[in-house]
Amino acid sequence: MRVAGIVGALLIGGLNVASSQVNISNADEPSLYSYCQRFQTLYTQIRVQSVTPDSARKEFSRIMNELQTRFRSSETYHQDSLQRDSLQRTGHYFTFPIRGYTTSAIGGTHGEGYRGTGFDLFDYNVRGSHPAQDIFIRDRNQDNVDDLTGKPVDILAMSSGLVLAIETAWKPGSEYRGGNWIWVYDPIMNGLFYYAHNSQVDVTPGQWVQTGQKIAEMGRSGFNAYKARSPTHLHLMYLQIQPDGLPLPLNTYTWLLKAKLSK
Ligand SMILES: [Zn+2]
């Protein structure tokens, strides 16, 4: 149940400070966890359409601008950005998000599964775009278990960041398209990673995850992903936050090609 997850995260204290990046303390400022709560609330409101796309856009941009300001004010931000630049040059910034798999698991032959046009995060009725890469596993009998290893398949964080929101309440029959998903905010890139269709979510909002850390197990959760015609896959989306705080989907294909593989 989601309430249990939130209480659990509060007990943990919002952030497991595994990185110096999140070592920000100012008693007057809202906790990082409060941003997670606002994001989770907003995302739920968008899904049930209890907020207009316009108000959703405004609240989203407020949350993202405040979050970015918080991280930018941390002492190590500049150093972390430099490190990011050098890691991106060598191609080691990202971890391939599926343990035991390589780039051949990416849908299509040249990542052409990505269709960014027409995407609107704030309007649940807008359909047709697919600003994401789908990455597939060997699961012919669709039991969420790798046909070769006989084990569930781990979903790994592509980069380090703050877990902003999760969904764990999806059940077969639920309409929600993303199923059980995770949003992770990478403050160095100022962007959001979205991992959807998981069978199991292993992180809670407010938690800091390192690149390559297990965050979930792959599944078939989601209205369409659950259907027999859909092969078992991870739906991976990245949204770059613009200077106005609004999201722009980017194609992760070239990042995936260079990403570090995990056995
Ligand atoms: Zn997809």
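Rules and cut-offs
- Here, residues in each chain are numbered from 1, in the same order as that chain's written sequence.
- In keeping with the predicted nature of the model, local features appear solely for residues at pLDDT of at least 70, side-chain atom pairs appear and are counted solely at 80 or more, and the whole-chain, interface and lining totals rest on all residues.
- Working from all heavy atoms in the structure, the side-chain values ignore hydrogens and water.
- Strands are runs of DSSP state E lasting at least two residues, helices are runs of H or I lasting at least four, and both sets are numbered from the N terminus onward.
- Multiplying 1.5 Å by the residue count of a helix minus one yields the expected span of that helix.
- For each residue, the accessible area found with a 1.4 Å probe, counting protein chains only, is set against the maximum for its type, and the residue is called buried under 20%, exposed over 50%, and partly exposed in between.
- In this context, the arc is that of the directions from the helix axis out to the C-beta atoms.
- Only N, O and S atoms count as donors, using a 2.8 Å limit from the metal and a wider 3.2 Å limit for Na, K and Ca, and since water is excluded some coordination spheres may look unfilled.
- For a four-donor site, all angles between 85 and 135 degrees give tetrahedral; for four or six donors, opposite pairs above 155 degrees with the remaining angles between 65 and 115 give square planar or octahedral; all remaining cases count as irregular.
- Buried Ala, Val, Leu, Ile, Met, Phe, Trp, Tyr and Cys residues that are joined via side-chain atoms within 4.5 Å together make up what is termed a nonpolar core.
- Between two residues, a contact is recorded if the distance between any of their heavy atoms is within 4.5 Å.
- In summary, the pairing rule links any two rings of Phe, Tyr or Trp, Trp by its six-membered ring, whose centres are within 6.5 Å, and it sorts them by plane angle into stacked for under 30 degrees, edge-to-face for over 60 and tilted for everything else.
- For a lysine, the NZ atom is tested; for an arginine, the CZ atom; a charge sits over a ring if that atom is within 6 Å of the ring centre and within 35 degrees of the ring normal.
- Between any two strands, at least two bridges found by DSSP are needed for them to pair.
- Every residue gets a pLDDT, meaning the predictor's confidence in that residue, from 0 to 100.

Before going further, it helps to spend a moment on helix 4 (residues 77–90). With 14 residues, helix 4 ought to run about 20 Å at 1.5 Å a step, and its terminal C-alpha atoms sit 20 Å apart, in line with that. Taken together, the buried positions of helix 4 are occupied by Y77, D80, S81 and R84. Looking straight down helix 4, one finds that the buried residues subtend no more than 100° of arc, so they occupy a single side. Turned more than 90 degrees away from the buried face of helix 4, the exposed residues are H78, Q79, R89 and T90.

When four donors bind a metal tetrahedrally, each ideal donor-metal-donor angle is 109.5 degrees, and when six bind octahedrally, the ideal angles are 90 or 180 degrees. Of the protein atoms, only H130 (NE2), D134 (OD), D134 (OD) and H235 (ND1) coordinate the zinc ion, at distances of 2.0 to 2.8 Å. Around the zinc ion sit four donor atoms; with metal-centred angles ranging over 52 to 158°, the donor geometry is irregular.

Before going further, it helps to examine the nonpolar core. Within the largest apolar cluster, 35 residues are counted, with the highest numbers of intra-cluster contacts made by I98, I182, F193, Y195 and I215. At the level of elements, strand 3 (161–166), strand 4 (180–186), strand 5 (191–201), strand 7 (214–218), strand 8 (233–241) and helix 5 (253–258) are the ones that each hand at least two residues to this core. Discounting chain neighbours no more than four positions away, the residues touching I182 are V163, A165, I166, F193, Y194, Y195, N198, V201, V203, I215 and A216. Y43, F60, Y185 and M237 belong to the second-largest nonpolar core, a separate cluster that totals 31 residues.

Once that is clear, we can look at the packing of aromatic side chains. Within this structure, the stated rule accounts for 18 aromatic pairs. When the ring of Y43 is compared with that of W181, the centres are 4.9 Å apart and the planes differ by 85°; the resulting orientation is edge-to-face. Placement of Y43 in helix 2 (residues 32–48) and of W181 in strand 4 is noted, with a sequence separation of 138 residues between them. On the basis of relative accessibility, which here comes to 15%, the residue Y43 falls in the buried class. Pairwise contacts between aromatic rings join F39, Y43, F60, F122, W181, W183 and Y194 into one cluster. The ring centre of Y176 lies 3.4 Å from the NZ or CZ of R47, which sits over that ring. Here the basic side chain of R177 rests over the ring of Y124, its NZ or CZ set 4.3 Å away from the ring centre.

To continue, consider the pairing of strand 9 (residues 247–250). Side chains P247 and P249 of strand 9 all project onto a buried face; the interleaved residues L248 and L250 project onto a face where none is buried. Judged from the four bridges that link them, strand 8 and strand 9 form a sheet pairing that is antiparallel. What sits directly across from Y238, in strand 9, is L250. Between strand 8 and strand 9, which pair antiparallel in sequence order, lie five residues; one of them, G245, sits at a positive phi of approximately 85°.

Looking now at the confidence of the model for the protein chain. Mean pLDDT over the protein chain stands at 88; residues scoring 70 or higher make up 89%. Confidence over residues 1–24 falls short of pLDDT 50; this stretch has 48 contacts with residues more than four positions distant or in other chains.

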